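Each chain is listed here by its residues.
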Amino acid sequence: MQLYYFYRHSSENTIFISTQQQSEHTLEFLWVDSLRQDVVNHVEAWQQTIYDCTQLVLNEFHIRDILNIEHPCTFDTVKDYDLLVFRKLISPDDKIYEGEQTLASQESIFGLVTTPMSFIITPKILMSVREQGNKAVENYVQRLQMVMERPAAEQNTPRKLPASPTDLCLRLLNSMIDGYLNLRTPLTRRVEYWQQQLLQGNRRFKQWHQLFHEDMAFQQIENLCEEQIETLQEFRDELVDNYHHVMGENRHKAQDILQVRLNDLISHVERVQKHTLRLRAAIQSAIDLHFSAISNQTNENMRILAIITAIFAPLTLLTGIYGMNFEFIPGLKSPVGFWIMLAVMLLSTAVLLYYFYRQHLVGRGERSVIDLLAQQHKQRNLNLLWFLDYEPIKQTLKEVEKITKIK
């Protein structure tokens, strides 16, 4: 557990950080940063330490929520404080502490693992419970330690420090959510890999099990983003409706800045969610193209087989006729009968090939879709009374129609 005191400088009127209490400056708020493994096995001692430092008593159900490694994103409020549980997607840079209970609970068959980070927010206190190895939070703590190396009057000069527990909580969330945007590149590369595997065409695709797990991983990201958006929206509603409860004595400070930060966090999560939806749609399109290509290949094979069958059908007919066991067959005794029959077979083959060529079934490219549809429409609308289109017949029909009307 580490305590960070955020004081307002008495003469400079700026915020500075210290790990030690200082009575000559006004305390703005206190940040209590705790690790989960320090809380799991020492719950009562941790609660007593929290009470000694903050005089705050936590609800027993909220303690269970904090200790629950699989608790979803949630936001809850009571009279004394607000509870925010936010799940972070573990990235390759994170080195999460892998204890026995933690490791057993965080195993995921889909290749994506998340870890919760809990916040207890009051107007003067911010408590956080996180996993050891949370790289986003540790990087933020390192920046604060670098700031503490400067004199107190100069700490707030290069970059404004948080002035309230809510502001600090939003900054920590921002450091975690910004890492989500870096997921877009590896996720896009994974989709490109599956598109290449599905559309390569030189061998049969057999990795359907892995592709199913990949799709489930994208769905897991979507569900996580949806939970985070709902939690942040509840936090924003609480900030708007009960601003005095969240900020306490600091309610005179600008509310719009916190709302801008919250809206920015929500927009970042929505960008990741929309990008994941687009990637899932791209995978589905690749699957559709894969089956469409297989269907087209099957149709092409059937077309070739049909053409071969149509070409050999008359040849089979001729050979069957002249293979009959009759005593007298025309041309059977003729010395040129074989050559005549061979010429007829070759001629029928040439005629069929020419017919298929004219019908765009073999030889040259396919017709355009418009031409094919026009041909099908023409074939569906055959005029069985074509003989009535002759001009003499049309004239006679008109005269008969006039006589009928006169009568």
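Residues numbered from 1 in each chain as written. Predicted model: local features only at pLDDT ≥ 70, side-chain atom pairs only at ≥ 80, totals over all residues. Heavy atoms only, no water.

Asks: An account of the overall build of the protein is requested, with residue identities and associated values reported.
Replies: Check the secondary structure of the protein and you find 13 helices and 7 strands. The proportion of buried residues among the 407 residues of the protein is 36%. Counted over contacts in the protein with a minimum sequence separation of 6, partners at least 24 positions apart contribute 67%. Of the accessible surface of the protein, which amounts to about 25,200 Å², a share of 56% is contributed by carbon and sulfur atoms. (Helix = DSSP H or I, 4+ residues; strand = E, 2+ residues; numbered from the N terminus. Buried < 20%, exposed > 50% of the residue type's maximum accessible area, 1.4 Å probe, protein only. Contact = heavy atoms within 4.5 Å. Areas by Shrake-Rupley, 256 points an atom, 1.4 Å probe, with all protein chains shown as cover.)

Asks: Go over the environment of Leu317, please, and point to the residues and values.
Replies: As for its position among the elements, Leu317 is in helix α10 (residues 255-321). You can call Leu317 exposed: its relative accessible area is 55%. Residues Leu317 and Met345, 28 residues apart in the sequence, show an inter-C-alpha distance of 10.0 Å.

Asks: Give me a negative patch on the surface: which residues, what numbers.
Replies: Judged by side-chain charge, Asp76, Glu226, Glu230, Glu234, Asp237 and Asp241 come together as a negatively charged surface patch. No other element matches helix α8 (residues 208-241), which puts 5 residues into the negative patch. Summarising the element assignment, Asp241 is placed in helix α8. For Asp241, a relative accessible area of 58% gives the class exposed. (Patch = residues over 30% accessible without salt bridge, like charges linked within 9 Å, V, L, I, M, F, W, Y side chains within 5 Å. Salt bridge = Lys/Arg side-chain N within 4 Å of Asp/Glu carboxyl O. Lys, Arg positive; Asp, Glu negative; His and termini not counted. Charge placed at Lys NZ, Arg CZ, Asp CG, Glu CD.)

Asks: Before we move on, could you go through the packing of helix α7 (residues 184-199) against α8 and cite the residues and values that matter?
Replies: Between two packed helices, the angle of one axis relative to the other and the distance separating the axes together describe the packing. At a minimum axis distance of 12 Å, the contact between α7 and α8 shows a crossing angle of 150°. Of the possible angle classes, the one that applies to α7 and α8 is roughly antiparallel. α7 and α8 meet at a crossing whose hand is left-handed. Where α7 approaches α8, its residues Leu187, Arg190, Val191, Trp194 and Leu198 are matched on the opposing element by Trp208, Gln210, Leu211, Glu214, Phe218 and Ile221. Across the contact of α7 with α8, the residue classes tally to 8 nonpolar, 1 polar and 2 charged. (Axes fitted to C-alpha atoms, helices over the stretch in contact; angles between N-to-C directions. Parallel < 35°, antiparallel > 145°, perpendicular 65-115°, else oblique. Left-handed = near helix turned anticlockwise from the far one by under 90°. Nonpolar A, V, L, I, M, F, W, Y, C, P; charged D, E, K, R; others polar.)

Asks: With reference to specific residues and values, describe unusual backbone geometry.
Replies: Outside of glycine, negative phi angles account for most residues, and trans bonds account for most peptide bonds. Even without being a glycine, Gln55 presents a positive backbone phi close to 60°. On the secondary structure map, Gln55 appears in the loop between α2 (43-54) and α3 (60-67).

Asks: Describe the pattern of salt bridges, and please don't skip the residues or the numbers.
Replies: Taken as a whole and judged by the stated rule, the model has 7 salt bridges. Across the salt bridge formed by Arg130 and Asp33, the nearest N and O atoms sit 3.0 Å from each other. Taken as a pair, Arg130 in strand β7 (residues 125-130) and Asp33 in strand β3 (residues 26-35) lie far apart in primary sequence, 97 residues in all. With a closest N to O distance of 3.3 Å, Asp215 and Arg280 form a salt bridge. Of the two residues, Asp215 sits in helix α8 while Arg280 sits in helix α10, which places them 65 residues apart along the sequence. By relative accessible area, which is 23% here, Asp215 ends up partly exposed. Take Arg280: its relative accessible area is 23%, and that puts it in the partly exposed class.

Asks: Explain the nonpolar core to me, using residue names and the numbers behind them.
Replies: Ranked by size, the top nonpolar core spans 55 residues in total, and within it Phe6, Trp31, Phe119, Leu172, Leu173 and Leu232 carry the most contacts. Among the elements that take part in this core, α10 stands out by supplying 10 residues, more than any other. Apart from residues no more than four positions distant in its own chain, Phe6 is found in contact with Ile15, Phe16, Ile17, Thr26, Leu27, Glu28, Phe29, Trp31, Leu144, Pro162 and Leu168. Counting 21 residues, the second-largest nonpolar core is a separate cluster that includes Leu3, Tyr5, Tyr7 and Val85. (Core = buried A, V, L, I, M, F, W, Y, C linked by side-chain atoms within 4.5 Å.)

Asks: Pulling in residues and values, what's your account of the packing of aromatic side chains?
Replies: For the structure on display, the rule yields 7 aromatic pairs. Taken together, a centroid distance of 5.6 Å and an interplanar angle of 15° make the contact between Trp208 and Phe291 stacked. With Trp208 in helix α8 and Phe291 in helix α10, this residue pair connects regions lying 83 residues apart in the sequence. Accessibility expressed as a relative area gives 46% for Phe291, which makes it partly exposed. Counting every residue linked through ring pairs, the aromatic cluster contains Tyr5, Tyr7 and Phe16. (Phe/Tyr/Trp six-rings, centres within 6.5 Å; stacked < 30°, edge-to-face > 60°.)

Asks: Tell me what's going on with a nonpolar patch on the surface, and back it up with residues and numbers.
Replies: There is a patch of nonpolar side chains on the surface, built from Val336, Phe338, Trp339, Ile340, Leu342, Val344 and Leu346 and spanning about 700 Å² of accessible area. Within the secondary structure layout, Leu346 lies in helix α11 (residues 337-358). By relative accessible area, Leu346 is classed as exposed at 56%.

Asks: Please give an account of the confidence of the model for the protein that cites residues and values.
Replies: Here the protein shows a mean pLDDT of 77. Residues at 70 or above account for 79%. Per-residue pLDDT stays below 50 along residues 99-110; that stretch engages in 20 contacts with residues further than four places along the chain or on separate chains. (pLDDT = per-residue confidence, 0-100.)

Asks: Tell me about the environment of Gln37, residues and numbers included.
Replies: Counting through the fold element by element, Gln37 comes out in helix α1 (residues 36-40). Residue classification places Gln37 among the buried positions, given a relative accessible area of 17%.

Asks: How would you explain the pairing of strand β1 (residues 2-8) if you had to name every residue and give the values?
Replies: Of all the 7 residues making up β1, 5 are buried; the element is thus mostly covered by neighbouring parts of the structure. Pairing between β1 and β3: 7 bridges, direction antiparallel. Within the sheet, the bridge partner assigned to Tyr7 lies in β3 and is Leu27. Where β1 meets strand β2 (residues 15-18), 4 bridges bridge the pair, whose relative direction is antiparallel. Looking at β2, one finds that Arg8 is bridged to Ile15. Hairpin remark: β1 followed by β2, antiparallel, with 6 residues in the connecting loop; positive phi at Asn13, about 60°. (Pairing = 2+ DSSP bridges.)

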